[in-house]
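Examining the three-dimensional arrangement
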Amino acid sequence: MNKSFSPIGVFDSGYGGLTVLNSIRKELPEYDFLYLGDNARAPYGTRSFDVVYEYTLQCVLELFERNCDLVILACNTASAKALRTIQQGELKNHPNKRVLGVIRPSTEIVGQFSKNKTIGIMATEGTVKSQSYRIEIQKFHPEVTVVQQACPLWVPLIENKAYNSKEGKKFIEKDIQRFLSQYPSVDVIVLACTHYPLLLPYLKEIIPKNIKLISQGEIVAPSLKDYLKRHDWLNKKISKNGQVTYLTTESSDLFNESVEYIFGQHVNAKNIHLK
Ligand code: DGL
């Protein structure tokens with residue numbers, strides 16, 4: 001292993017975490033990153049607590065072994081179902097490593113954007129059922145009402161590059177219409193799945209302009225920058241050559257093609273088998 005490559009690990013079940021990684025890279029361009037997409041087992045959103053925990057832990061340990069001292073779970077489902085258990089359990093075996101999620105930074109600030117004090121959460125089934133957003137937002141913004149909608153088809157539509165198809169758009173529009181007619185006072189929607197910002201161009205077409213759409217990358221990136229400032233011992237351990245390496249549990253050709261299609265980015269991923 002190249003010892004001078006001690007990157008920040010960024011993990012997601014699939015391609016969604018790249019929306020977060022891209023925002024982080026804009027904020028911290030000199031840092032090195034190692035992205036791991038567990039594409040072979042995505043989506044996580046409909047899986048049980050135990051399975052999401054087991055898969056997430058496996059991926060975190062893989063990133064630890066590959067020299068990451070800090071791992072970002074750029075996945076809401078994993079952040080909702082596995083983060084706390086990893087922080088309170090497994091991390092005891094790795095006292096000099098840290099694992100962070102995407103829910104806390106989002107819920108800390110989101111309340112300030114809603115005039116009507118009604119925030120909509122669109123997320124995977126797992127994230128919605130965990131109630132993590134409701135619980136966390138209520139802690140920071142007790143005056144806010146949180147309403148939620150699970151969109152179980154959105155991640156498979158993205159992973160399979162079908163989100164721009166006529167049928168794909170129909171499913172997305174149906175979910176939005178149902179949600180907005182049920183909760184007309186929503187004036188902020190958190191895209192609480194890191195895949196969903198990929199739908200933004202279409203969502204902006206079908207969601208009224210007075211509703212603010214929040215993508216997590218724009219919140220997580222400055223929050224991570226601030227975290228690193230406050231944790232200099234950890235910051236010092238991260239290598240800073242502006243390099244990014246991509247790993248996937250699926251075929252690397254498929255990963256490269258999909259990233260090109262979805263993000264217009266040329267990457268050269270490596271396939272790995274998790275232990
Ligand atoms: N990007 C993941 C999230 O933020 C998607 C989870 C899934 O694989 O269903 O929840």
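Thresholds applied
- Residues numbered from 1 in each chain as written.
- Predicted model: local features only at pLDDT ≥ 70, side-chain atom pairs only at ≥ 80, totals over all residues.
- Heavy atoms only, no water.
- 1 Å grid on protein atoms, 1.4 Å probe; cavity = no way out; pocket = protein on both sides within 12 Å on 5 of 7 lines; lining within 4 Å.
- Points joined across faces, edges and corners; volume = space filled by probe spheres on them.
- Nonpolar A, V, L, I, M, F, W, Y, C, P; charged D, E, K, R; others polar.
- Axes fitted to C-alpha atoms, helices over the stretch in contact; angles between N-to-C directions.
- Helix = DSSP H or I, 4+ residues; strand = E, 2+ residues; numbered from the N terminus.
- Parallel < 35°, antiparallel > 145°, perpendicular 65-115°, else oblique.
- Contact = heavy atoms within 4.5 Å.
- Near = heavy atom within 4 Å.
- Polar contact = N/O pair within 3.5 Å; in protein donor to acceptor, adjacent residues only side chain to side chain.
- Areas by Shrake-Rupley, 256 points an atom, 1.4 Å probe, with all protein chains shown as cover.
- Sits in = over half its atoms within 2 Å of the grid points.
- Salt bridge = Lys/Arg side-chain N within 4 Å of Asp/Glu carboxyl O.

**Side note on empty space enclosed by the protein**
All told, the structure shown has 1 cavity of 30 Å³ or more when counted by the stated rule. Approximately 70 Å³ is the volume attributed to the largest cavity. In terms of lining, the largest cavity is formed by 13 residues, of which the most central are Ser13, Cys75, Thr77, Thr124 and Cys193. For the lining of the largest cavity, the residue count by class is 5 nonpolar, 7 polar and 1 charged.

**Details of the packing of helix 5 (residues 103–110) against helix 11 (residues 217–230)**
At a closest axis distance of 9 Å, the pairing of helix 5 and helix 11 adopts a crossing angle of 105°. The orientation of helix 5 with respect to helix 11, classified from their angle, is roughly perpendicular. Note on element contacts: helix 11 touches helix 5 through Ile219, Val220 and Ser223, opposite Pro105, Ser106 and Ile109. Class assignment for the residues of the contact of helix 5 with helix 11 results in 4 nonpolar, 2 polar and no charged.

**A word on the site of the ligand**
Ser13, Tyr44, Gly45, Thr77 and Thr194 are the nearest of the 13 residues found near the ligand. Here a nitrogen atom of the ligand and a side-chain polar atom of Asp12 are 3.0 Å apart. A distance of 2.7 Å separates an oxygen atom of the ligand from a polar atom in the backbone of Gly45. If the ligand stood free it would expose 300 Å²; the protein chains cover 99% of that surface. A molecule is said to occupy a pocket when more than half its atoms come within 2 Å of that pocket's grid points, and by this definition the ligand occupies the largest cavity. Residue composition of the shell around the ligand, grouped by class: 5 nonpolar, 7 polar and 1 charged.

**Comments concerning the pattern of salt bridges**
One pass over the structure, following the stated rule, counts 13 salt bridges. Where Arg104 meets Glu108, a salt bridge forms, and the shortest distance between an N and an O atom there is 3.1 Å. Placement of the pair is Arg104 and Glu108 together in helix 5, with a separation of 4 residues, close to one helical turn. A salt bridge links Asp175 to Arg178; the shortest N-O distance between them is 3.1 Å. Within this pair, Asp175 and its partner Arg178 are both found in helix 9 (residues 166–182), separated by 3 residues, close to a single helical turn.

Purely geometric numbers; function is a separate question.
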